[in-house]
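# Notes for the structure review
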Amino acid sequence: MGEMPMGAAGVCVAVAVWLLGERHRGARRARLLLAGGGVVATGSPGWGPATAELRRLRGRLRGEWSALAVGALAGLLTGSVIPVVAGAAGVPVLRRVRLARAVRQAREERGDAVIALCGALAGEVRAGRQPGEALLRAARDSGGLGDAQATVVAAARFGGDVPGALAAAARQPGAEGLRGLAACWRVAVDQGAGLAAGLDRLDAALRAERDRRADLRAQLAGPRATAVMLAALPVLGLLLGTAMGADPLRVLLHTGAGLGCLVIGGLFEVAGLWWTARIVRGAEAA
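All values reported here derive from a predicted model rather than from experimental measurement. (Residues numbered from 1 in each chain as written. Predicted model: local features only at pLDDT ≥ 70, side-chain atom pairs only at ≥ 80, totals over all residues. Heavy atoms only, no water.)

Glancing now at the overall build of the chain. Scanning the chain for helices and strands turns up 11 helices and 0 strands. Going from N to C terminus, the chain has its helices and strands arranged as α-α-α-α-α-α-α-α-α-α-α. The proportion of buried residues among the 286 residues of the chain is 25%. For the chain, the proportion of contacts with a sequence separation of at least 24, taken over those separated by at least 6, is 54%. Roughly 18,200 Å² of accessible area belongs to the chain as shown, and the carbon and sulfur atoms make up 65% of that amount. (Helix = DSSP H or I, 4+ residues; strand = E, 2+ residues; numbered from the N terminus. Buried < 20%, exposed > 50% of the residue type's maximum accessible area, 1.4 Å probe, protein only. Contact = heavy atoms within 4.5 Å. Areas by Shrake-Rupley, 256 points an atom, 1.4 Å probe, with all protein chains shown as cover.)

Another point: the environment of Val93. Within the element layout of this structure, Val93 appears in helix H4 (residues 82–126). When the C-alpha positions of Val93 and Ala67 are compared, they lie 9.8 Å apart, and in sequence the two are 26 residues distant.

Bringing the pattern of salt bridges into the picture now. Tallied over the full model, the rule gives 9 salt bridges. The salt bridge partner of Asp112 is Arg210, with a shortest N-O separation of 3.1 Å. With Asp112 in helix H4 and Arg210 in helix H9 (residues 195–243), this pair connects stretches of sequence that are 98 residues apart. Close ionic contact of Glu124 with Arg129 constitutes a salt bridge, the shortest N to O distance being 2.6 Å. By relative accessible area, Glu124 is classed as buried at 14%. Taking the relative accessible area as the measure of exposure, Arg129 reaches 28% and is therefore partly exposed. Several salt bridges converge on common partners, so that one network encompasses Glu124, Arg129, Glu133 and Arg137. (Salt bridge = Lys/Arg side-chain N within 4 Å of Asp/Glu carboxyl O.)

Here helix H6 (residues 149–157) crosses helix H7 (residues 162–169) at 170 degrees, and the two axes come no closer than 9 Å. Considering their axes alone, H6 and H7 lie roughly antiparallel with respect to each other. Two secondary-structure elements touch here, H6 through Thr151, Val152, Ala155 and Ala156 and H7 through Val162, Ala165, Leu166 and Ala169. Tallied by class, residues from the contact of H6 with H7 come to 7 nonpolar, 1 polar and no charged. (Axes fitted to C-alpha atoms, helices over the stretch in contact; angles between N-to-C directions. Parallel < 35°, antiparallel > 145°, perpendicular 65-115°, else oblique. Nonpolar A, V, L, I, M, F, W, Y, C, P; charged D, E, K, R; others polar.)

In this fold, Asp203 is placed in helix H9. Residues within four places of Asp203 in sequence aside, it is in contact with Ile115, Cys118 and Gly119.

So, about H9. With 49 residues, H9 extends 70 Å between its outermost C-alpha atoms, agreeing within 8% with the 72 Å of an ideal straight helix rising 1.5 Å per residue. Largest kink in H9: about 35 degrees, centred on Leu233, with the proline Pro234 one to four residues after it. Immediately downstream of H9, the backbone of Gly245 shows phi near 85 degrees, a positive value. (Expected span 1.5 Å × (residues − 1). Bend = angle between axes of the 7 residues up to and from the residue.)

A separate point is the confidence of the model for the chain. With 76% of its residues at a pLDDT of 70 or more, the chain shows a mean pLDDT of 77. Segment residues 1–9 is flagged for pLDDT under 50; beyond a separation of four residues in sequence, or across chains, it makes 9 contacts in the model. (pLDDT = per-residue confidence, 0-100.)

For the pair H4 and H9, interaxial distance at closest approach is 9 Å and the crossing angle is 155 degrees. The angle between H4 and H9 falls in the class roughly antiparallel. As for how H4 packs across H9, the hand of that crossing is left-handed. From H4, Glu108, Asp112, Val114, Ile115, Cys118, Gly119, Leu121, Ala122, Val125 and Arg126 reach across to H9, where they touch Leu195, Ala196, Leu199, Asp200, Leu202, Asp203, Leu206, Arg207, Arg210 and Arg217. Tallied by class, the residues present in the contact of H4 with H9 amount to 11 nonpolar, 1 polar and 8 charged. (Left-handed = near helix turned anticlockwise from the far one by under 90°.)

See below:
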């Protein structure tokens, strides 16, 4: 009787994966029909199309769903539903970690693009071009304006409020350096100061700030690695116990005392990881 919940969990996982594939396949057919191009196959696909569909489905499935798969596999091997529940609970956590990593990467890429924009704009101004034309060329080459590039380009091309457009573009995460560019533009255009000199100083300041963040990130790599190693020690203990023939998984998953120890240990584990992440984030923010 204990194997029935595990079998049901495996069937549910398989059905969820199949439904996800059907949803993406239907969305693709709708896009093809609405676009008016391409041929949508309606018959039974062969091995080639089936393999391609599996590859596309595997690319769409995010890495956090591996926690559910691992939990289902562990539940089938141990005869307990607890690993399945833990795997399902790990899906939103891993998704949040992935999204935070993507946001951080996008912020860093946008900051690098802003630095490239300042350098390219300084070079165009030194080449003798007017500020508006120089900004158009630099924005086209560097892409440092992000989603607000169309607004800034329109302001530069038609004599609009370029500093205001740059300040609005600086609200994007990682594009805070555009506020300095807007200030340099306002001083140079309104008061006749040298734009290239101000851009050089701004470029040097942004590069120094980026190098300081990279150095801080390198210094925090050690504490992060230590926290990950300490978090993995319970798993190592379980493996050692299994190798010695103590069968710790049976004690943890099928006895009252073991379940209590598992819950308390899991709470301490989560609290330790959360506290370590909070300390690291505080150091990065400072």
